[in-house]
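Spelled out, the chains give:
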Amino acid sequence: MSLGPDRQGQGIGSALIKVGLDEADRARVPAFLGTSNPRNLPLYMHHGFVVDEEYNVGPARVWAMLRRVA
């Protein structure tokens, strides 16, 4: 999902991420995600994710990220 430039920086992505992370915290399970967009890394890191692994899938660079149980 990508927000248009006029919608970025308004906290929409953080609000969506928080819903999932709140559920993971209630269940006491880690959260995992992958991204091929390096511009997403700071947002995910802000929410506690750390890069667990980097790899190439064809021409795309992918970052596998993990947020351990809070």
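Along every chain, residues carry numbers that run from 1 in the direction the sequence is written. At least 70 in pLDDT is required for a residue's local features to be given in this predicted model, at least 80 for side-chain atom pairs to be given and counted, and no such filter applies to totals for whole chains, interfaces and linings, which use all residues. No hydrogens and no water enter the side-chain calculation; it runs on all heavy atoms of the structure.

1. With respect to the environment of G34
Moving on, step 1. Here a strand is any run of E in DSSP of at least two residues, a helix any run of H or I of at least four, and the numbering for each starts at the N terminus. Along the chain, G34 turns up in strand β1 (residues 31-35).
Moving on, step 2. Taking C-alpha positions, G34 is 6.6 Å from V62, a pair spaced 28 residues apart along the chain.
Moving on, step 3. Non-local contacts of G34, meaning those with residues more than four positions away in its chain, are made with W63 and A64. Working rule for contacts: check all heavy atoms of both residues, and any pair within 4.5 Å makes them a contact.

2. Concerning the nonpolar core
Moving on, step 1. We call a set of buried Ala, Val, Leu, Ile, Met, Phe, Trp, Tyr and Cys residues a nonpolar core when their side-chain atoms join them within 4.5 Å. In this scheme, a residue with accessible area under 20% of its type's maximum is buried, one over 50% is exposed, and one in between is partly exposed, where area comes from a 1.4 Å probe on protein chains only. By size, the foremost hydrophobic cluster in this structure holds 9 residues: I17, L21, A31, L33, L41, Y44, F49, W63 and M65.
Moving on, step 2. Excluding residues that lie within four positions of it along the chain, L33 makes contacts with Y44, F49, W63, A64 and M65.

3. Quick notes on the side chain of H47
Moving on, step 1. With respect to the helices and strands, the residue H47 is situated in the loop between α2 (41-46) and β2 (50-57).
Moving on, step 2. With residues up to four places along the chain from it excluded, the contact list for H47 reads S14, I17, L21 and R67.

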